[in-house]
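Residues per chain are reported as follows:
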Amino acid sequence: MSRLTFNDGFFCGTEDDIKRDKFEFYKRKMIKISNITGAILTMSNMELLQRLESILPNTKIETVEINGNMGYISFKDPHQSYRIIKSFPTISFETETYSLSYMTPDAMLFFGNLPLTYQTKELAKLASSYGVITRCLVIHSKITKKSKGYGFVEYANRNHAMQAKLHLGAKYLEGRSLRVDWSDERMRDYEDTHATTLFVDKLPRHFLQDNVLTAMFQKHGKVIFCQVCVYTMD
């Protein structure tokens with residue numbers, strides 16, 4: 001049986017860590033309006049901005065841009081996008097109704113196999129060497145409150161994310177080989193950061209091959225991270 005042992009007192013998290021995880025995850029500046037037709041297409045960006053602020057209460061919009069039949073809204077306060085999506089999944093213009101949704105992040109990385117000593121502060125320090133970070137969080141168990149050994153970093157620029165992926169993907173941290181990949185585009189809510197991780201028990205004692213375990217599960221879907229945990233006497 002494979003196990004991972006650690007000092008509970010040293011790696012223990014708190015309920016505040018979970019709250020910070022959620023707060024950081026929903027810090028998203030942009031949302032989109034899909035399948036635009038009709039009157040919106042005749043408006044200037046400024047006219048549309050003013051109209052949206054009159055429809056969406058207590059909202060400060062930074063920019064609005066129409067590109068084809070899609071509209072992109074950027075908020076001054078990045079947490080306003082979460083409130084808008086929850087409160088106004090659709091908006092109406094004249095006789096048309098449009099859906100609002102989050103922008104799919106194109107510069108967000110998954111960091112796996114993090115040392116259990118790493119919290120968001122340490123991950124941000126590591127990742128910020130490659131560009132401006134807009135979101136950073138280490139995921140904690142909702143039950144134990146401890147780090148789950150992985151996290152996410154979003155950059156303001158995709159090129160910076162590509163550089164971080166290239167240079168950090170093979171880095172060793174405290175005896176662990178860091179895993180860096182693009183985050184799952186389907187990840188929309190904070191709950192999605194937990195729902196795709198499986199614990200596999202009853203492995204043979206001397207089984208150490210991450211790639212073999214990955215291949216076993218790959219036929220059921222894309223595996224973004226796999227680690228065989230090793231028992232130690234420390």
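Residues numbered from 1 in each chain as written. Predicted model: local features only at pLDDT ≥ 70, side-chain atom pairs only at ≥ 80, totals over all residues. Heavy atoms only, no water.

### Considerations on unusual backbone geometry
Stated precisely, the cut-off is as follows: Secondary structure elements follow DSSP: runs of H or I of four or more residues count as helices, runs of E of two or more count as strands, with numbering from the N terminus. For every residue, the accessible area (1.4 Å probe, protein chains only) is compared with the maximum for its type, and the residue is labelled buried under 20%, exposed over 50%, or partly exposed between those bounds.
At asparagine 35, a residue that is not glycine, the phi angle is positive and equals roughly 55°. Assignment of secondary structure puts asparagine 35 in the loop between strand S1 (30–33) and helix H3 (45–55). The phi dihedral of lysine 145 is positive, around 70°, even though this residue is not glycine. Note on placement: lysine 145 falls in the loop between strand S7 (133–140) and strand S8 (147–155). In this structure lysine 145 comes out as buried when scored by relative accessible area, which is 18%.

### With respect to the sheet that holds S7
Here is the rule: When DSSP locates at least two bridges between a pair of strands, those strands are taken to pair. Axis angles are defined between N-to-C directions and span 0 to 180 degrees, where every axis is a line fitted to C-alpha atoms and, for a helix, only to the segment in contact. Here, residues are in contact when the closest pair of their heavy atoms is within 4.5 Å.
If you walk across this open sheet you meet the 4 strands as S7-S8-S6-S11, and the pairing is antiparallel. Each end of this open sheet is capped by a strand with a single partner; those strands are S7 and strand S11 (179–182). Between one strand axis and the next, the sheet turns by 20° as a mean value, whatever way the strands run. Across 5 bridges, the pairing between strand S6 (residues 108–112) and S8 is antiparallel. When the sheet's bridge partners are listed, phenylalanine 110 is paired in S8 with phenylalanine 152. Sheet strands in contact with helix H5 (residues 120–127) are S6, S7 and S8, and its direction is about 140° off that of S7.

### Observations regarding the packing of aromatic side chains
For the record, the criterion: Only centres within 6.5 Å qualify two rings of Phe, Tyr or Trp (six-membered ring in Trp) as a pair; their planes then separate them into stacked at under 30 degrees, edge-to-face at over 60, and tilted for everything else. Put simply, a charge is over a ring when the Lys NZ or the Arg CZ is close to the ring centre, within 6 Å, and near the line of the ring normal, within 35 degrees.
Going through the model one piece at a time under the given rule, you end up with 8 aromatic pairs. Their ring planes at 50° and their centres at 5.7 Å tell us that phenylalanine 110 and phenylalanine 225 sit as a pair that is tilted. Residue phenylalanine 110 is found in strand S6, and its partner phenylalanine 225 is found in the segment after helix H8 (210–218); the two are separated by 115 residues along the sequence. Look at phenylalanine 225 and you get partly exposed, because its relative accessible area is 24%. Ring geometry for tyrosine 150 against phenylalanine 152: centres 6.2 Å apart, planes inclined by 90°, an arrangement best described as edge-to-face. Like tyrosine 150, the residue phenylalanine 152 is buried in the burial classification. By the ring-pair criterion, three or more aromatic residues cluster together here, those being Phe25, Tyr26, Tyr82 and Tyr190. Arginine 28 extends its terminal NZ or CZ atom over the ring of phenylalanine 25, reaching a point 5.9 Å from the ring centre.

### Considering the pairing of S6
For S6, the buried fraction is high: 5 of the 5 residues fall into the buried class. Residues Met108, Phe110 and Gly112 point to one face of S6 and Leu109 and Phe111 to the other, with burial holding for every one of them. Both S6 and S11 contribute to a ladder of 4 bridges, which runs antiparallel. Bridged to phenylalanine 110 within S11 is aspartate 181.

By themselves, these observations are geometric and do not establish any function.
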